[in-house]
Amino acid sequence: MDNCLFCRIACGQIPARKVYEDTEILAFHDINPARPVHLLVIPKRHITSLATVVEETDVPVLGRMLALASRLASENGSPDGFRVIINTGRIGHQEVQHLHAHIVGGPDPVGPMLKRV
Ligand code: AMP
Ligand code: ZN
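Residues numbered from 1 in each chain as written. Chains lettered and ligands numbered in written order. Predicted model: local features only at pLDDT ≥ 70, side-chain atom pairs only at ≥ 80, totals over all residues. Heavy atoms only, no water.

### Structural notes on the coordination of the zinc ion (ligand 2)
Around the zinc ion (ligand 2), the donor atoms from the protein are C4 (SG), C7 (SG), H46 (ND1) and H98 (ND1), and they sit 2.0 to 2.3 Å away. For the zinc ion (ligand 2), the four donor atoms are set out with angles of 105 to 116 degrees between them, so the coordination reads as tetrahedral. On the primary sequence, the residues serving as donors to the zinc ion (ligand 2) are separated as C-x2-C-x38-H-x51-H. For the residue pair C4 and C7, the accessibility class agrees, reading buried in each case. (Donors = N, O, S within 2.8 Å, 3.2 Å for Na, K, Ca; no water. Tetrahedral: all angles 85-135°; square planar, octahedral: opposite > 155°, others 65-115°. Buried < 20%, exposed > 50% of the residue type's maximum accessible area, 1.4 Å probe, protein only.)

### Quick look at the sheet that holds strand β2 (residues 25-29)
The antiparallel open sheet is built from five strands, whose spatial order is β1-β2-β3-β5-β4. The sheet terminates laterally at β1 (18-21) and β4 (83-85), the two strands that pair on one side only. Strand-to-strand twist in this sheet, taken as the mean axis angle between neighbours without regard to direction, amounts to 20 degrees. As paired elements, β1 and β2 share three bridges and run antiparallel to each other. By the bridge assignment for β2, Y20 is matched with A27. (Pairing = 2+ DSSP bridges. Helix = DSSP H or I, 4+ residues; strand = E, 2+ residues; numbered from the N terminus. Axes fitted to C-alpha atoms, helices over the stretch in contact; angles between N-to-C directions.)

### Some thoughts on the site of ligand 1
In the region of ligand 1, 16 residues are neighbours, and D30, N87, E95, H100 and H102 sit closest. Here D30 contributes a side-chain N or O atom positioned 2.5 Å from an oxygen atom of ligand 1. The separation between an oxygen atom of ligand 1 and a polar side-chain atom of H102 is 2.8 Å. For ligand 1, whose free accessible area comes to 510 Å², the fraction covered by protein is 84%. The cavity that encloses ligand 1 is the largest pocket. Contributions of two or more residues to the shell around ligand 1 are made by α1 (5-10) and β2. In terms of residues, the shell around ligand 1 owes the most to one element, α1, which gives three residues. Split by residue class, the shell around ligand 1 holds seven nonpolar, seven polar and two charged. (Near = heavy atom within 4 Å. Polar contact = N/O pair within 3.5 Å; in protein donor to acceptor, adjacent residues only side chain to side chain. Areas by Shrake-Rupley, 256 points an atom, 1.4 Å probe, with all protein chains shown as cover. 1 Å grid on protein atoms, 1.4 Å probe; cavity = no way out; pocket = protein on both sides within 12 Å on 5 of 7 lines; lining within 4 Å. Sits in = over half its atoms within 2 Å of the grid points. Nonpolar A, V, L, I, M, F, W, Y, C, P; charged D, E, K, R; others polar.)

Now the structure itself:
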C-alpha cells in the first residue's frame, strides 16, 4: 500500500517515535497526542480497519496488539491503567485508513468514555 501513511511508517519510509517493534507489530507515539501518553499500535501488514478484518488471517495479530497494550502503557508512563480506542470507518471518525489502536493514559484519569448526545 504505497500511499498508506502507516504502511510507510511500518516500512521505515516515514519516521516515527517507535516504542515497540516485532515482525508483525509496530507501536509509536501519536504525532498529535490527546493525552500525556498517546501511543498507536499497528499491524505492519495493511489491514484497513476493524470493518475489513478477515477472521482467519487477522485475528492473531489483533490479539497480540491488545495483549501488548498493558505493557506498552506501563513502560511509557501510564502504569495505573489506560484506554484503548479503535476508531472505525466514517461513523467511528477513522482518519487514517490503516487499522490502529490508540493507547491513551498518563498520570490522571482520561475522563468519561464519550460525551453523551
Ligand atoms: P484516527 O482518527 O483514529 O484515524 O487517528 C489517526 C491518528 O494518527 C491521529 O491521532 C493522528 O494524530 C495520528 N497521526 C497522523 N499522522 C501521524 C504520524 N505521521 N505519526 C504519528 N501519528 C500520526
Ligand atoms: Zn497501510
